[in-house]
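Examination of the molecular architecture
Each chain is listed here by its residues.
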Amino acid sequence: MRLSFRKTILIVILLALVPMLLTQAYFINRVDRTAREQVASYAAITSAQIEENFNNIFRSISYSAVYLAENSMTKKYLSVNDPLETYQAQQYLGELFRTVASLEPYLLNAILVDNAGEPIYMYDNNYRTFNAIAEGGWLERSYGNGPEFFLVNTPNQTFPVCVVPVHSGTNVQIGSILIPMNLAEATRSFQDIDSKGQVELYFLGPDNVVISSNTDAQLPQSTEGYTYIEHQLQNSAFRVVCRINDAKVAEDFTFFQTSSLLTAGVMVLLLIAVGLLFNRLIANPIGSLISEVNEIGRDPEKKSISGGYGVQLDPLVQRINRMLENVSALTQEVLENQKKAYTHELMKRESDLYALRNQINPHFLFNTLQSMSGIAMLHGEREVCELAAGMAGLFYYALKGGDTVEVKEELGMLRQYLEIMGTRLQGKFTWSVDVPDSMLDIVTPKMLLQPLVENAMSHGIEKRVDQTGGLLSFVGREQEEYLFFTVEDNGCLSEQALRQLQNILEDEENLYRESRAKNGIGLANIQYRVKILYGSDCGLTVSKDQGLTRFTLKLRSALPPLPQLSS
């Protein structure tokens, strides 16, 4: 079913709208997904870094607590009763605790307690941290051999504590090392993280107690509308929780989504408006113009278009009317030329028929020459035999079918012709043929090379005043994708004849007229054939230098497909 121009325009507009809307929807969805993925990636990386930071802090505090608990002077201070030894141990412990405190930035205090929970030695004499530990009942609990962490959570203070038992030489617990942790430095960067409310970070102790956060909100129990990422610290009940607020992430995207949809809507309206305007100003007049043009095709009496299609199409209508006038004039001219051509062709066929009636049958002539060669051989006339055999070979080559031959076949015919001419002229000239073996198998059109030599003989060598000293050379060379065949002779071609020949070969109009005016395969015919087969960059050139006339034929190494004449 063939659609009208107007319907085609409407379909094109719809086809333009659908991909645009689909692309816009895909783009909005892709941006939304990318934004969520970027927020989730940021949250995962940040929480993982915070987890690693807290793991390093807890590990460092554990090492410090174990170092203090395993120190021999710590054990001695808890077990000796001698006042002097106790004093010496106390002095050493002071230096030991101060050294550990200087190397551990997250140490809030370091406390040595006995099995009764009484403080024996305290790095910082501030009892607030110890009292907070004691009030929580943490001194009354029993602990294993390794470092353990618990959380002190009072209305005024919240801090983790690392506890390591101190054992005597007989592996009996004689006290404990308590290290309250100062996480103000560690959580400062944690609290400074600002993600516009999209990502909430929490450092939680046991029982989900919030130790630190980058928001004032408490961790809610409901998970609806949030995406959670949780990291458990090593060997403890402390956790880092990252909560992504899906609604907050969507808020930033809502403006972009609204803007994109609004832009798409405006573009759709503009495209529809442009389509309607185009339909009114262009599509409808073009549809009417097409109808009138179709009417011209159906009605031979209608010769032009009426017009009145608006300023957009009036120039087109004027050009169409001028084209119709030109077509009408050309049609009349073609009819007259066809009539003349038919008359001319009829006369030519009659002339050719008359000429054929007066020609000797070439096959009869070939057979006669063969017979003459045999008779001359029987009577011992070697030269007559060779001359007749050479002429028969030339006739056979000309008569055999095919439009293309290899270079070596053309050279064979060329040598036969030169041998015949050498016999006929009896020492009036000498000749040479120089073609490399690499060119012998290349295919060329038939009857291109021998006519060049024949022309040099007819218009050069044979017309020499001096009966001796004639020179003729034939040279073939291959350069890149081209073949060059050169014929040089020291004949007597005049400057006037040279210029006339150059004018014929170089001027396309003269070449065509000359090639059609002369029958056979002369230079004009060769030039015309080469130009048609190989293109304008190939062909025949003629020049004269220092008494030598030079004909150079340029061909391509690869022969293009030969044109086939229709029957």
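Residues numbered from 1 in each chain as written. Predicted model: local features only at pLDDT ≥ 70, side-chain atom pairs only at ≥ 80, totals over all residues. Heavy atoms only, no water.

1. Side note on the packing of aromatic side chains
- Summed over all chains, the structure comprises eight aromatic pairs.
- Considering the side-chain rings of Phe58 and Phe149, the 4.5 Å spacing of their centres and the 35 degrees angle between planes classify their relative orientation as tilted. A residue pair is termed long-range when its members are at least 10 positions apart, and Phe58 in helix α1 (residues 5–70) and Phe149 in strand β3 (residues 148–153) qualify at 91 residues. Accessibility classification places Phe58 together with Phe149 in one group, the buried group.
- Among the aromatic residues, ring-to-ring pairing joins Phe54, Phe58, Phe149, Phe203 and Phe238 into one connected group.
- Sitting above the plane of the Tyr482 ring, Lys554 keeps its charged end 4.3 Å from the centroid. (Phe/Tyr/Trp six-rings, centres within 6.5 Å; stacked < 30°, edge-to-face > 60°. Helix = DSSP H or I, 4+ residues; strand = E, 2+ residues; numbered from the N terminus. Buried < 20%, exposed > 50% of the residue type's maximum accessible area, 1.4 Å probe, protein only. Lys NZ or Arg CZ within 6 Å of the ring centre and 35° of its normal.)

2. Describing the nonpolar core
- Counting 46 residues, the largest nonpolar core has Val453, Met457, Leu472, Phe474, Phe485 and Leu553 as the members making the most contacts within it.
- Here this core gets nine residues from one element, more than from any other, and that element is helix α10 (residues 407–425).
- For Met457, the contacting residues outside a window of four places in its chain are Tyr417, Met421, Leu425, Phe429, Glu462 and Leu472.
- Counting residues in each nonpolar core, the second largest holds 44 residues, with Phe54, Leu78, Ala89 and Leu183 among its members. (Core = buried A, V, L, I, M, F, W, Y, C linked by side-chain atoms within 4.5 Å. Contact = heavy atoms within 4.5 Å.)

3. Considering the side chain of Asn490
- Counting through the fold element by element, Asn490 comes out in the loop between β14 (482–489) and α12 (495–506).
- Exposure remark for Asn490: the relative accessible area of 14% places this residue in the buried category.
- Among the polar contacts made by the side chain of Asn490, one reaches the main-chain amide nitrogen of Leu471 at a distance of 2.8 Å.
- Apart from residues lying up to four places away in sequence, Asn490 is in contact with Ile461, Arg464, Gly469, Gly470, Leu471, Gly547 and Leu548. (Polar contact = N/O pair within 3.5 Å; in protein donor to acceptor, adjacent residues only side chain to side chain.)

4. A few points about the sheet that holds strand β11 (residues 429–434)
- On the basis of which strands lie adjacent, the open sheet formed by five strands has the order β11-β13-β14-β16-β15 and mixed pairing. Two strands lie at the open edges of the sheet, namely β11 and β15 (539–545), each paired on one side alone. If you compare each strand with its neighbour and ignore which way they point, the axes differ by 15 degrees on average.
- Note: β11 against strand β13 (residues 470–479), six bridges, orientation parallel. Residue pairing for β13: Phe429 is matched across the bridge by Gly470.
- Each of β15 and β16 (548–556) is contacted by α12, which is oriented at about 160 degrees to β15, the strand it contacts most.
- Its contacts with the sheet place helix α14 (residues 523–534) against β15 and β16, and it is angled at close to 25 degrees to β16. (Pairing = 2+ DSSP bridges. Axes fitted to C-alpha atoms, helices over the stretch in contact; angles between N-to-C directions.)

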